[in-house]
Amino acid sequence: MNIHCLKIALRTTIPVFMGYISCGIAFGLVTVNAGYPWWLSPIMGIIMFAGAGQFLAIQLFATGIPVMAILITELLLNIRHIVYGLPLINQFNGCKRSRPYLIFALTDETFSILTTTEVPLGVKAEEYYFAVSLLDQIYWVTGSLIGALAGAMIRIDMTGVDFALTALFAVLTIDQIKKLAKKRKGGENASF
């Protein structure tokens, strides 16, 4: 991946960085507060990488629900990614090397960026998609690690923290609606 592509992806993903660091911290805190070891939080971010699914998994594990019920619940929660994947079929068509990772790393926020931004001039599409996806996952894992370590060192009241991911999704949805309204008005400023 070239530096030019990485710089552009960094600039493009700043809103996700802000949200994923804060929500990742919340997830790390929730994980440790539920009695799990600090390392589980970043490991889940690396292997599972499904923010809402991770929050839900911690709650389901903590209540002792059978593993099969957890798997079915997670499938139902994350089935929306099939719908997300449909508009990206053509975009990912030329992505031979990184397609499996791009499919794995598809989150609501990554989908939002990949469907609303153009691949910059002089940058290969596959490199750009990969950089955006990887950076988003790094932000999440980093936030999860920070939260888990903080939670392991300091006892914190966690009331309401699990709402953080829902708040992030709401903010990104509002941003998308504003962009769509601006496009439909022919570039005029859309206000709500």
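Computed from a predicted structure; not experimentally measured.

Cut-offs and rules
Residues numbered from 1 in each chain as written. Predicted model: local features only at pLDDT ≥ 70, side-chain atom pairs only at ≥ 80, totals over all residues. Heavy atoms only, no water. pLDDT = per-residue confidence, 0-100. Helix = DSSP H or I, 4+ residues; strand = E, 2+ residues; numbered from the N terminus. Phe/Tyr/Trp six-rings, centres within 6.5 Å; stacked < 30°, edge-to-face > 60°. Buried < 20%, exposed > 50% of the residue type's maximum accessible area, 1.4 Å probe, protein only. Axes fitted to C-alpha atoms, helices over the stretch in contact; angles between N-to-C directions. Parallel < 35°, antiparallel > 145°, perpendicular 65-115°, else oblique. Contact = heavy atoms within 4.5 Å. Nonpolar A, V, L, I, M, F, W, Y, C, P; charged D, E, K, R; others polar. Lys, Arg positive; Asp, Glu negative; His and termini not counted. Salt bridge = Lys/Arg side-chain N within 4 Å of Asp/Glu carboxyl O. Polar contact = N/O pair within 3.5 Å; in protein donor to acceptor, adjacent residues only side chain to side chain. Expected span 1.5 Å × (residues − 1). Core = buried A, V, L, I, M, F, W, Y, C linked by side-chain atoms within 4.5 Å.

(A) Representation of the confidence of the model for the protein within the structure. Here the protein averages 87 in pLDDT, while 88% of its residues score no lower than 70. Per-residue pLDDT, averaged within each element of the protein, yields its smallest value for helix H10 (residues 164–184) (70) and its largest for helix H3 (residues 40–47) (97).

(B) Examining the packing of aromatic side chains more closely. Within this structure, the stated rule accounts for twelve aromatic pairs. Ring centres 6.3 Å apart and planes at 90° place the aromatic pair Tyr20 and Phe49 in the edge-to-face group. Placement of the pair is Tyr20 in helix H2 (residues 14–33) and Phe49 in the loop between H3 and helix H4 (51–63), with a sequence separation of 29 residues. Tyr20 gets classed as buried once you look at its relative accessible area, which sits at 3%. Their ring planes at 75° and their centres at 5.3 Å tell us that Phe27 and Phe55 sit as a pair that is edge-to-face. Placement of Phe27 in helix H2 and of Phe55 in helix H4 is noted, with a sequence separation of 28 residues between them. For the pair formed by Phe27 and Phe55, the shared burial category is buried. The rings of Tyr20, Phe27, Phe49, Phe55, Tyr101, Phe104, Phe130 and Trp140 are connected pair by pair, giving a single aromatic cluster.

(C) Region of interest: the packing of H2 against H3. It is at 9 Å that the axes of H2 and H3 come closest, and there the two elements cross at 125°. Considering their axes alone, H2 and H3 lie oblique with respect to each other. Along its contact with H2, which presents Phe27, Gly28 and Thr31, the element H3 presents Leu40, Ser41 and Met44. Among the residues making up the contact of H2 with H3, the classes are represented as three nonpolar, three polar and no charged.

(D) Seen up close, the environment of Phe92. Turning to its location among the elements, Phe92 is positioned in helix H6 (residues 80–92). If we ignore the near neighbours within four places in the chain, the residues touching Phe92 are Arg99, Leu102, Leu114 and Tyr129.

(E) Expanded view of the side chain of Glu127. Among the structural elements, Glu127 can be located in helix H9 (residues 125–153). Buried and without a salt bridge, Glu127 has Lys124 as its closest oppositely charged side chain, separated by 4.6 Å. Of the polar contacts made by the side chain of Glu127, one reaches the side chain of Asn2; its length is 3.4 Å. For Glu127, the contacting residues outside a window of four places in its chain are Met1, Asn2 and Cys5.

(F) Quick look at H2. With 20 residues, H2 extends 28 Å from end C-alpha to end C-alpha; this agrees with the ideal 28 Å at 1.5 Å per step. Positioned one or two residues after H2, Gly35 has a phi angle of 100°, which is positive.

(G) The arrangement of H6 in detail. Here H6 contains 13 residues, and its C-alpha end-to-end distance of 18 Å stays within 8% of the 18 Å for a straight helix at 1.5 Å per residue. For H6, the full list of buried residues reads His81, Tyr84, Leu88 and Phe92.

(H) Representation of the nonpolar core in the model. Counting residues in hydrophobic clusters, the biggest one holds 34 residues, and the most contacted among them are Phe92, Tyr128, Tyr129 and Trp140. Those elements that provide at least two residues to this core are helix H1 (3–12), H2, H3, H4, H6, helix H7 (99–104), helix H8 (108–116) and H9. The leading source of residues in this core is H9, at seven residues.

(I) Inspection of the environment of Pro120 at higher detail. Mapped onto the elements, Pro120 comes out in the loop between H8 and H9. For Pro120, a relative accessible area of 16% corresponds to the buried category. Here the alpha-carbon distance between Pro120 and His4, two residues 116 residues apart in the chain, equals 9.7 Å. Beyond its immediate chain neighbours, meaning those up to four positions away, Pro120 contacts Ile8 and Tyr128.

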